[in-house]
Amino acid sequence: MALGKNSHRRLNALTGEWLLVSPHRVDRPWDGARSKGSGEAAGLRYSPDCYLCPGNVRKLGARNPDYHGPYVFDNDFQAIRPEHSGPADPVLECDGLVAASPVLGTCRVICFSERHDLSLPELPERSIVDIVGLWSEQVRELGARHRWVQVFENKGAVMGCSNPHPHGQIWAGDFLPNEASKEDARQRGYHASHGVPLLCRYLDWELERGERIVAENDEWVALVPWWAMWPFETLLLPRRRFARMTDLDAPARDGLAQVLKRLLTRYDNVWEISFPYSMGWHGAPTATDDPGDHWQLHAHFYPPLLRSADVKKFMVGYEMLAEAQRDITPEAAAELLRAQGEVHYRAGSAGA
Ligand code: H2U
Ligand code: ZN
């Protein structure tokens, strides 16, 4: 096939969705299973064996600087790469049913801080403000030349996180991925017929009812959405409208750091574990003249746990073949999260 070992997307002719294929990304290191519990760092401020700690040598030989605060570097095993490694012609066969397009982009890793043992909610609020600032800078830089910049965090071995040092990732590419494209279409359609962004209207409705709200401040609201698929899924929305993370001003960034710390502390306090999840940011597509008036910036949190630290919700069977299903209602999940305190259960023991 003309695509060789290049990253590419293949069309699913049955659903119309796409699949990212990164044939070269096989020898990526895995330290997730070695650590205890759900991939929590075992109380070490610095680990000599960690690829992400300051001063240490990474898997392919690069050395991390002696960094303080958030630190970003190019992923040594990029799923989407800046250049093709050989000829990369698109595939279009079988009346267009068999299709693939080569893709280009950049993948980065963001260590949240120099501390190997402190997850996001355990960091001081001012450190989280710095992380938010770095996220926006990255979206600005990568968004200047990429259509979609996905900022995300996989947390915990159960979510496929490969290293317990608290970190997130950024994958930027020259295409709109499935989720982005579905959300773009829904928000565009609603905005065209109602004249207001879909998520702004929705937030007003949620605020009137209150039963799914988990945490809020002057700038942000965290809620379990009406349509939540994962048991403790939440959606984090700004009160004011921002198309992209690069639009956030200082009060919005400060408020975000505060609400993140509070929301994630609540998660951890539910079962007194470092709550695993995948979280990520969605905003208007970048590298375009479209101002994205139909978009409202937001973050999704998808924790996989159902009843305890060990009981995970499996998206299998009916979910894979038909559609998502849940047992605990979004309202009950919100109530449980609201019942948690906002002082982290490990506060004092980690010693920041
Ligand atoms: P996850 O734990 O979410 O897999 O993220 C860790 C990322 O860090 C992963 O994408 C990269 C992996 O490729 N990494 C490096 O770039 N260099 C290393 O030395 C270790 C891990
Ligand atoms: Zn580390």
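Only a predicted model underlies this, so the values are computations on that prediction, with no experimental measurement involved.

## Thoughts on the overall build of the chain
Scanning the chain for helices and strands turns up six helices and 13 strands. Each principal axis of the C-alpha atoms in the chain carries an extent, and together these give about 60 × 55 × 45 Å. Across the 352 residues in the chain, those meeting the buried criterion constitute 51%. In the chain, of all internal contacts separated by at least 6 residues, the share reaching a separation of at least 24 is 70%. With the model as given, the accessible surface of the chain reaches about 16,200 Å², and the carbon-plus-sulfur share is 53%. Between the averaged position of the 39 positive side-chain charges in the chain and that of its 47 negative side-chain charges there is a distance of 2 Å.

## Concerning the sheet that holds strand β1 (residues 8-11)
Strand pairing in a sheet relies on backbone hydrogen bonds. The paired strands run either parallel or antiparallel. The strand order across the open sheet formed by four strands is β2-β1-β5-β4, and the pairing between neighbours is antiparallel. On the outer flanks of this sheet lie β2 (18-21) and β4 (91-93), each paired with one strand and no other. Ignoring strand direction, the axes of neighbouring strands in this sheet form an average angle of 20°.

## Things to note about the nonpolar core
Ranked by size, the top nonpolar core spans 48 residues in total, and within it Trp-135, Trp-220, Leu-236, Leu-256, Leu-260, Trp-281 and Phe-301 carry the most contacts. Looking at which element gives the most residues to this core, the answer is helix α4 (residues 250-271), with nine residues. Those residues in contact with Phe-301 that sit more than four places away from it in its chain are Glu-233, Thr-234, Leu-236, Leu-260, Leu-263, Leu-264, Tyr-267, Tyr-277, Ser-278 and Met-279.

## Comments concerning the sheet that holds strand β12 (residues 277-282)
Strand order across the open sheet formed by nine strands is β3-β6-β8-β7-β12-β13-β11-β10-β9, with antiparallel pairing between neighbours. Among the strands making up the open sheet, the edge pair consists of β3 (71-74) and β9 (213-216). Within this sheet the neighbouring strands show an average axis-to-axis angle of 20°, counted without direction. The pairing of β12 with strand β13 (residues 298-302) spans five bridges and is classified as antiparallel. The partner of Gly-280 across the bridge, within β13, is His-300.

## Focus: the coordination of the zinc ion (ligand 2)
Taken together, the protein donors to the zinc ion (ligand 2) comprise Cys-50 (SG), Cys-53 (SG), His-116 (ND1) and His-165 (ND1), at separations of 2.0 to 2.4 Å. Coordination at the zinc ion (ligand 2) is tetrahedral: its four donor atoms span angles of 103 to 119° at the metal.

## Some remarks on the environment of Pro-177
Relative to the elements of secondary structure, Pro-177 occurs in the loop between β8 (167-173) and α2 (178-194). Each C-alpha atom of the pair Pro-177 and Arg-9 lies 9.5 Å from the other, and the pair is 168 residues apart in sequence. Discounting chain neighbours no more than four positions away, the residues touching Pro-177 are Arg-9 and Trp-148.

## Details of the confidence of the model for the chain
Any region with low pLDDT has predicted coordinates that should not be read closely. Per-residue confidence for the chain gives a mean pLDDT of 93; residues scoring 70 or more make up 94%. Below pLDDT 50 for its whole length, residues 33-39 participates in eight contacts with residues either more than four positions away or in separate chains.

## Let's talk about helix α3 (residues 198-209)
Look at α3: 17 Å from first C-alpha to last across twelve residues, which is about the 16 Å you get at 1.5 Å a residue. Those residues of α3 not exposed but buried are Leu-199, Cys-200, Tyr-202, Leu-203 and Glu-206. For α3, the angular spread of the buried residues around the axis is 160°, confining them to a single face. Just past α3, the residue Gly-210 takes up positive phi, approximately 80°.

## Looking at the packing of aromatic side chains
The description of two aromatic rings rests on the distance between their centres and on the angle between their planes. For the structure shown, the criterion picks out 16 aromatic pairs. With centroids separated by 6.4 Å and ring planes inclined at 50°, the aromatic side chains of Tyr-267 and Phe-301 adopt a geometry described as tilted. A residue pair is termed long-range when its members are at least 10 positions apart, and Tyr-267 in helix α4 and Phe-301 in strand β13 qualify at 34 residues. The buried category is assigned to Tyr-267, whose relative accessible area is 0%. Grouped by ring-pair contacts, the aromatic residues Phe-232, Tyr-267, Trp-271, Phe-275, Tyr-277 and Phe-301 constitute a single cluster. Over the face of the ring belonging to Phe-73 we find Arg-58, whose NZ or CZ atom lies 3.7 Å from the ring centre.

Calculation rules
- Residues numbered from 1 in each chain as written.
- Chains lettered and ligands numbered in written order.
- Predicted model: local features only at pLDDT ≥ 70, side-chain atom pairs only at ≥ 80, totals over all residues.
- Heavy atoms only, no water.
- Helix = DSSP H or I, 4+ residues; strand = E, 2+ residues; numbered from the N terminus.
- Buried < 20%, exposed > 50% of the residue type's maximum accessible area, 1.4 Å probe, protein only.
- Contact = heavy atoms within 4.5 Å.
- Areas by Shrake-Rupley, 256 points an atom, 1.4 Å probe, with all protein chains shown as cover.
- Lys, Arg positive; Asp, Glu negative; His and termini not counted.
- Charge placed at Lys NZ, Arg CZ, Asp CG, Glu CD.
- Pairing = 2+ DSSP bridges.
- Axes fitted to C-alpha atoms, helices over the stretch in contact; angles between N-to-C directions.
- Core = buried A, V, L, I, M, F, W, Y, C linked by side-chain atoms within 4.5 Å.
- Donors = N, O, S within 2.8 Å, 3.2 Å for Na, K, Ca; no water.
- Tetrahedral: all angles 85-135°; square planar, octahedral: opposite > 155°, others 65-115°.
- pLDDT = per-residue confidence, 0-100.
- Expected span 1.5 Å × (residues − 1).
- Arc of directions from axis to C-beta.
- Phe/Tyr/Trp six-rings, centres within 6.5 Å; stacked < 30°, edge-to-face > 60°.
- Lys NZ or Arg CZ within 6 Å of the ring centre and 35° of its normal.

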